[in-house]
Amino acid sequence: MDERERVQEDEAKGPPETDPRIAGERHPVARMIAIGVVASLIGIAITLWIDWFPDQGSTSANKIDTLYDVLLICSVPVFVLVMTIAIYSVVRFRAKPGDLGDGAPIHGNTRLEVIWVTIPFLMVTALAIYGWITLDDIEAKQPNEMVVNVTGQQFTWTFQYPSEKLDAKELVLPVNRPIEFRIHTKDVIHSFWVPQFRLKSDAVPGLITKVRVTPNREGDFEVVCTELCGIGHSTMRQFARVVPASEFKSWVSDQKKAASGGSTSAAGGGGGGKQAAGPDAGQLFTSAGCSGCHTLAKAGATGTVGPDLGKLGKVDANFIRTSILDPNAKITKGFKPNIMPQNFKTKLSKQELDALVKYLLEAQG
């Protein structure tokens, strides 16, 4: 019997009554679903048991954590059921060694197709509505809201309090008071994130993005840039300090007093004079982003992007000033150009620049 006659004979017989690979398998789908359900319950229990986030530090944190848990509860069964059916089918219905024949013809199942499209559609729609409701709730404007302008730049954050008429190098917030962060950048894209608050927003050149948070726990919480913004990105970290309202008022008062030059002191013979206090060079070294890229024992900085500023050797004030204002003028051996920001001419006032130059000269010992 040649090949043509064999094919004709097979066609005359028609498809087999049953696939010999599943002979005796009365309910394979039911078995797969049972395995999937058990695996799903185990998967859900494990994912809910894992502590994915740090301690909550804002009123919105609990809502976001709950949303995340709901997403896990819905996602795990879908993933597990799909993988269970796929793995079960591969193992149970695999071809036996030497079997080169075609499988049994399958013409599809309309009812099954409708089910597996409808159920995920309803799940995704419900989750989208739930997510929208949660987002709308946490972004709603609150009474007694305080605006804080957040400025990102390589490689530090600075903050402005319009209602208090205060510019600050650190982020201090009163507990239980709604805050509206207005976020922008002076150079490249950054991303402002406090993990305990759960909310973050990108700082995009030319735009102001907004995010609302109500801190409800006192403490120090790390401020992180989550957008790769340059070679010093990993060092762009500061702290948000959440304090009682009374302590926040005291801090604002102290900052304003320091900015105005301190208190008036008498100068012999009854004559009075107001002696202006210069900027805190140590704090300026950190807030300007220097500590993120340089090592300086005096400031407790350990950055390795740029040279060790405590080991510059025999340098004068002019060399340090030029290196700050025109970083590419003199590149230290072993380091590359175009890494240090070029905007310190506008970023630092003359008083701040003089204080920083003096501070670095003194650091040479």
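Placed above this text is the structure.
All values derive from a computational prediction rather than experimental measurement.

S.K.: I keep staring at the packing of helix 8 (residues 317-325) against helix 10 (residues 350-362) and nothing clicks. Help me out?
M.R.: Each pair of packed helices can be described by the angle between their axes along with the distance between the axes. Between helix 8 and helix 10, whose axes approach to 9 Å, the crossing angle comes to 125 degrees. It follows that helix 8 is oblique to helix 10 by the angle criterion. Crossing angle aside, the handedness with which helix 8 passes helix 10 is right-handed. Taking contact as the criterion, the partners of Ala317, Ile320, Arg321, Ile324 and Leu325 in helix 8 are, on helix 10, Leu353, Asp354, Leu356, Val357, Leu360 and Leu361.

S.K.: Help me out: how do you make sense of the packing of aromatic side chains in this one?
M.R.: Under the defined criterion, the tally for this structure stands at nine aromatic pairs. With a centroid separation of 5.4 Å and an interplanar angle of 75 degrees, the aromatic rings of Trp157 and Phe192 are classed as edge-to-face. With Trp157 in strand 2 (residues 156-161) and Phe192 in strand 6 (residues 190-193), this residue pair connects regions lying 35 residues apart in the sequence. Residue classification places Trp157 among the buried positions, given a relative accessible area of 0%.

S.K.: What is the right way to look at the packing of helix 3 (residues 59-92) against helix 4 (residues 110-138) in this model?
M.R.: Where helix 3 meets helix 4, the closest approach of the two axes is 10 Å, and the angle between their N-to-C directions is 170 degrees. With respect to their mutual orientation, helix 3 and helix 4 come out roughly antiparallel. Here helix 3 contributes Ser60, Lys63, Ile64, Thr66, Leu67, Val70, Leu71, Cys74 and Val78 to the contact with helix 4, which in turn contributes Met123, Leu127, Tyr130, Gly131, Thr134, Asp137 and Ile138. Looking at the contact of helix 3 with helix 4 residue by residue, the classes come out as ten nonpolar, four polar and two charged.

S.K.: Any chance you could explain the state of the cysteines here in plain terms?
M.R.: Here, disulfide denotes a covalent bond that connects the sulfur atoms of two cysteines. Overall, the coordinates contain zero disulfides when judged by the stated rule. Summary of cysteine pairing: Cys225 is not part of a disulfide, and the nearest cysteine sulfur, belonging to Cys229, is at 3.9 Å. Under the relative-accessibility criterion, Cys225 is labelled buried at 4%.

S.K.: How should the sheet that holds strand 10 (residues 237-243) be read in this particular structure?
M.R.: The strands that make up a sheet are held in pairs by hydrogen bonds between backbone atoms, and each pair lies either parallel or antiparallel. Sheet architecture is open: five strands sit in the order 4-10-9-6-7, paired in mixed fashion. In this open sheet, the two strands that pair with only one neighbour each are strand 4 (171-174) and strand 7 (200-203). Across the sheet, the mean angle from the axis of one strand to that of its neighbour is 25 degrees, orientation sign disregarded. In terms of strand pairing, strand 6 meets strand 7 through four bridges, oriented antiparallel. Bridge pairing links Phe192 to Ser201 in strand 7.

S.K.: Looking at this model, I keep getting lost on helix 10. Mind explaining?
M.R.: A turn of α-helix holds 3.6 residues, and therefore any two residues three or four places apart point the same way. Between its first and last C-alpha atoms helix 10 spans 18 Å; for 13 residues at 1.5 Å apiece the expected length is 18 Å, and the two agree. Taken residue by residue, helix 10 has Glu352, Leu353, Ala355, Leu356, Val357, Tyr359 and Leu360 as its buried positions. Considering only its buried residues, helix 10 is in contact with helix 6 (281-287), helix 7 (290-293), strand 13 (295-296), helix 8 and helix 9 (344-347).

Thresholds, definitions, all that
Residues numbered from 1 in each chain as written. Predicted model: local features only at pLDDT ≥ 70, side-chain atom pairs only at ≥ 80, totals over all residues. Heavy atoms only, no water. Axes fitted to C-alpha atoms, helices over the stretch in contact; angles between N-to-C directions. Helix = DSSP H or I, 4+ residues; strand = E, 2+ residues; numbered from the N terminus. Parallel < 35°, antiparallel > 145°, perpendicular 65-115°, else oblique. Left-handed = near helix turned anticlockwise from the far one by under 90°. Contact = heavy atoms within 4.5 Å. Phe/Tyr/Trp six-rings, centres within 6.5 Å; stacked < 30°, edge-to-face > 60°. Buried < 20%, exposed > 50% of the residue type's maximum accessible area, 1.4 Å probe, protein only. Nonpolar A, V, L, I, M, F, W, Y, C, P; charged D, E, K, R; others polar. Disulfide = S-S within 2.5 Å. Pairing = 2+ DSSP bridges. Expected span 1.5 Å × (residues − 1).

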